[in-house]
Amino acid sequence: MRLFKKTLNIGLLLLFTMPVLFTSCMKDKLDFDKMSTRFEYNPGIDAPLFKGSFSIEDLVSDDDEDSIIVFRGEEVILVLKMDSIYSIDVSSLVEIPEQDTIEYIIPRDEIPMDITLYSDTTFVQREEYSIALANNMRLDSVYLNSGSLVMDITTTFNIDGDLRINIPGIYIDNEQFSEVVPITENPSGIFDTVVSYPLVNAVIIPDSSMANEGYIHIDFSVELDVEPGSIIRAGSQTNIDFSISGLEDFDAIFGYAGDTSFVQDTIMGIDLGTLEGVRGTFAVTNPMIKINYAHSFGLPVSVDIDVKGYFEDGDSVILSPDIEMLNASSDHLMPDVEGSIIIDKTTVSNIDDLLVFPPPDTIGYNLAVNANPDGDTTATNFVLYDSELLVGMEVEVPLEFRADLQFRDTVKFSPFSDSEEDEEVDYIEYARLFYIFRNEFPINLDADLVLYDSITDTKLDTLPLNERADTYFLNAAPVDSEGESILEEVRDIEGSINIDHDMAYTLFNDANKLILIGRFSSYDPENVASVKILRSYKIDFKFGLDAKIHYVSSPDE
């Protein structure tokens, strides 16, 4: 409008400048003092504005990887993805307890009296170290790159010698564990030392013949270098406090990983503040919830999940699909496995009771993950130090629904900035926006704009987008028994949006907010179960304008 005004003023200035150029020969015929200082301009506009077409494909860019709209042939699907809703690491599903320290006494039988020795003497003893396990676990082998084998050694023989330790069930750098600890005579009569051996690149292969326990054999040998006439005092012995630390920080275990269960129960509120102005009903027809998982546990794992929705009116919906077994790898070198659990109407008949409008106030899930649910303790599993189960969720909603919604929204309206003048609206006598639609979508749409002054809390006027109260702005295309539009029965929709001078003045001068009141519904929602939105549907539209401008000004303005 401002561009129009400036262009008009320039044109008028040129019109009035041209006669001035001829004043030298026309002074006796024209009296400029008698010329009017006001003029009027009353252009009329009656012309097409634009035309075009719209389809669902127009909402999706070819390079838009984040779009929630997916096409499968003619089918249009809304896809909502949550890559990770929970995770379970190895410590939650498989656990090796911290190990105890076990004391060994050499020899087992106490020396009852002093003994005089005349040659080297050796005490040989085999012991068992018990590895504590839980949940029916069986260890065939454990691979470690951390932890330690620790021995606190005390001896009262008080004769120089060696303590030899051989453990057939432990290998470090592919060599069976074998160490020698020197023992020296001590003036106090007691020799005491602590030795620690890092379990780096180590393998423990226990005897796993008993459930919940594994054993490793330890061969101790106390060798005394005797000088003839040396005396071993009564009660002399070697004490060894033996422990394995860090076994729970394994790199990999093989055997039976146990039958642990992991349970998680979560409820969360749904914040739909942006939909406060929406009322009515909406129900999808064929939704699907896909529980996606990725894990690296080399053992059978079952998942039992319930999805729960609680509504404001006290109703609730619980989706209880069957317990699902997750795929698992049998190769520890390629442990990663991915898969999905499908929840749809074929597996859970009431799924469409959850994905409705109004939606649940709260929604949550109860998840139980069970290792080795079949209880076959003879099975061979593997678990790695970084094994974990990641679970995500993907909700697919084909655009196949039944809807009868009313919506209301209020937006601020400020067409002019503080530095601009708004008198341009005075020049509008009337404006009519003509339209022709051809709607192939099986949805009705209707809307009114209420001009509102929030300062005085006054509804100033209403601008209907359709000419008749008993029709829609967009009439739905009729559908067949499958809910698909019957394109040959689609008819053009013609109408206009009318703004007279008073409404234009109210809109641009008095209203500071616009209230949008409308209705969105599927074709005949009371009698038609659902309608489908297909990829090929489109809306063709044409717009034209009929308007009249009344403009009054003067050369001085």
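The shown structure was predicted, so the numbers you read here are calculated from the model rather than taken from an experiment. (Residues numbered from 1 in each chain as written. Predicted model: local features only at pLDDT ≥ 70, side-chain atom pairs only at ≥ 80, totals over all residues. Heavy atoms only, no water.)

> So, the overall build of the protein: which residues are in play, and what are the values?
Tallying secondary structure elements over the protein gives three helices and 37 strands in all. Across the 557 residues of the protein, 40% fall into the buried class. Across the protein, every contact between residues at least 6 apart in sequence was considered, and the portion connecting residues at least 24 apart equals 86%. Of the accessible surface of the protein, which amounts to about 30500 Å², a share of 51% is contributed by carbon and sulfur atoms. (Helix = DSSP H or I, 4+ residues; strand = E, 2+ residues; numbered from the N terminus. Buried < 20%, exposed > 50% of the residue type's maximum accessible area, 1.4 Å probe, protein only. Contact = heavy atoms within 4.5 Å. Areas by Shrake-Rupley, 256 points an atom, 1.4 Å probe, with all protein chains shown as cover.)

> Break down the environment of aspartate 306 for me, with residues and values.
Structurally, aspartate 306 can be placed in strand β21 (residues 301-310). For aspartate 306, a relative accessible area of 22% translates into the label partly exposed. With sequence-adjacent residues up to four places away left out, aspartate 306 is seen in contact with Ile318, Leu319, Ser320, Gly364, Tyr365 and Asn366.

> With reference to specific residues and values, describe the sheet that holds strand β5 (residues 102-106).
On the basis of which strands lie adjacent, the open sheet formed by four strands has the order β5-β16-β9-β12 and antiparallel pairing. Across the chains shown, the open sheet's two edge strands, defined by having one partner strand only, are β5 and β12 (191-198). Within this sheet the neighbouring strands show an average axis-to-axis angle of 15°, counted without direction. Bridge count between strand β9 (residues 148-155) and strand β16 (residues 238-245): eight bridges; the pairing is antiparallel. Following the sheet pairing, aspartate 152 is matched in β16 by aspartate 241. (Pairing = 2+ DSSP bridges. Axes fitted to C-alpha atoms, helices over the stretch in contact; angles between N-to-C directions.)

> Provide a residue-level description of the sheet that holds strand β3 (residues 69-72), including the pertinent values.
Read across the sheet, five strands follow the order β3-β4-β28-β20-β24 without closing on themselves; strand pairing throughout is antiparallel. Looking along the sheet, the strands with just one partner apiece sit at the ends: β3 and β24 (337-343). Across the sheet, the mean angle separating the axes of adjacent strands is 30° when strand polarity is ignored. Pairing geometry for β3 and strand β4 (residues 75-89), over four bridges, is antiparallel. From the neighbouring strand, valine 70 faces β4, where its bridge partner is isoleucine 77.

> Explain a negative patch on the surface to me, using residue names and the numbers behind them.
A contiguous patch of negative charge, built from Asp89, Asp336, Glu338, Asp386 and Glu388, is present on the exposed surface. Within the secondary structure, aspartate 386 sits in the loop between β27 (381-384) and β28 (388-398). (Patch = residues over 30% accessible without salt bridge, like charges linked within 9 Å, V, L, I, M, F, W, Y side chains within 5 Å. Salt bridge = Lys/Arg side-chain N within 4 Å of Asp/Glu carboxyl O. Lys, Arg positive; Asp, Glu negative; His and termini not counted. Charge placed at Lys NZ, Arg CZ, Asp CG, Glu CD.)

> If you had to explain the pattern of salt bridges to someone new, which residues and values would you point to?
Counted under the stated rule, the structure contains 12 salt bridges. A salt bridge links aspartate 404 to arginine 519; the nearest nitrogen and oxygen atoms lie 3.2 Å apart. Note that aspartate 404 is positioned in strand β29 (residues 400-412) and arginine 519 in strand β34 (residues 513-522), a separation of 115 residues in sequence. For arginine 519, a relative accessible area of 31% translates into the label partly exposed. Measuring nitrogen to oxygen at the nearest pair gives 3.4 Å for the salt bridge that ties glutamate 440 to lysine 538. Of this pair, glutamate 440 sits in the loop between β30 (428-439) and β31 (443-453) while lysine 538 sits in strand β36 (residues 538-549); the two residues are 98 residues apart in sequence, bridging distant segments of the chain.

> Give me the pairing of strand β32 (residues 458-464): which residues, what numbers.
With six bridges joining them, β31 and β32 adopt antiparallel strand pairing. Within β32, the position partnered with tyrosine 452 by the bridge is lysine 459. Connecting β31 to the next strand, β32, in antiparallel fashion are four residues, including aspartate 457 with a positive phi near 55°.

> How would you sum up the packing of aromatic side chains? Please name residues and give values.
Inspection of the entire model under this criterion finds 16 aromatic pairs. With a centroid separation of 5.3 Å and an interplanar angle of 20°, the aromatic rings of phenylalanine 123 and phenylalanine 157 are classed as stacked. One end of the pair, phenylalanine 123, is in strand β7 (residues 121-132); the other, phenylalanine 157, is in the loop between β9 and β10 (161-172), with 34 residues separating them in the sequence. For phenylalanine 123, a relative accessible area of 19% translates into the label buried. Every member of this aromatic cluster is reached through a ring pair, and the members are Tyr435, Phe437, Phe473, Phe541 and Phe543. (Phe/Tyr/Trp six-rings, centres within 6.5 Å; stacked < 30°, edge-to-face > 60°.)

> Break down the environment of leucine 78 for me, citing the residues and quoting the values.
Residue placement: leucine 78 occurs in strand β4. With a relative accessible area of 26%, leucine 78 lands in the partly exposed category. When the C-alpha positions of leucine 78 and proline 398 are compared, they lie 6.1 Å apart, and in sequence the two are 320 residues distant. Not counting residues within four places of it along the chain, the set of residues in contact with leucine 78 comprises Ile68, Ile69, Val395, Glu396, Val397 and Leu399.

> Summarise the nonpolar core; cite the residues concerned and give the values.
As a rule of thumb, soluble globular proteins bury nonpolar side chains together. Ranked by internal contacts, the top residues of the largest apolar core, which has 81 residues, are Met151, Ile170 and Phe242. If you look at the next biggest cluster of nonpolar residues, it comprises 30 residues, including Ile69, Tyr435, Val479 and Phe543. (Core = buried A, V, L, I, M, F, W, Y, C linked by side-chain atoms within 4.5 Å.)

> Tell me about unusual backbone geometry, residues and numbers included.
The peptide bond linking isoleucine 106 to proline 107 adopts the cis configuration, its omega dihedral lying at -5°. Examined against the element boundaries, proline 107 turns out to sit in the loop between β5 and β6 (115-117). Omega for the bond connecting phenylalanine 357 with proline 358 falls within 30 degrees of zero, at 0°, which places this linkage in the cis form. Even without glycine at this site, asparagine 174 takes up a positive phi of about 65°. One can find asparagine 174 in the loop between β10 and β11 (175-183). Looking at asparagine 174, the relative accessible area reads 70%, which means it is exposed. Not every positive phi belongs to a glycine, and asparagine 201 is a case in point at roughly 55°.

> Which residues make up helix α3 (residues 501-510), and what values do they have?
For α3, every residue scored as buried is listed here: Met503, Ala504, Thr506 and Leu507. Viewed along the axis of α3, the buried residues span an arc of 160°, placing them on a single side of the element. In this structure aspartate 500 caps α3, since a side-chain oxygen of it lies 3.3 Å from the backbone nitrogen of aspartate 502. (Arc of directions from axis to C-beta. Polar contact = N/O pair within 3.5 Å; in protein donor to acceptor, adjacent residues only side chain to side chain.)

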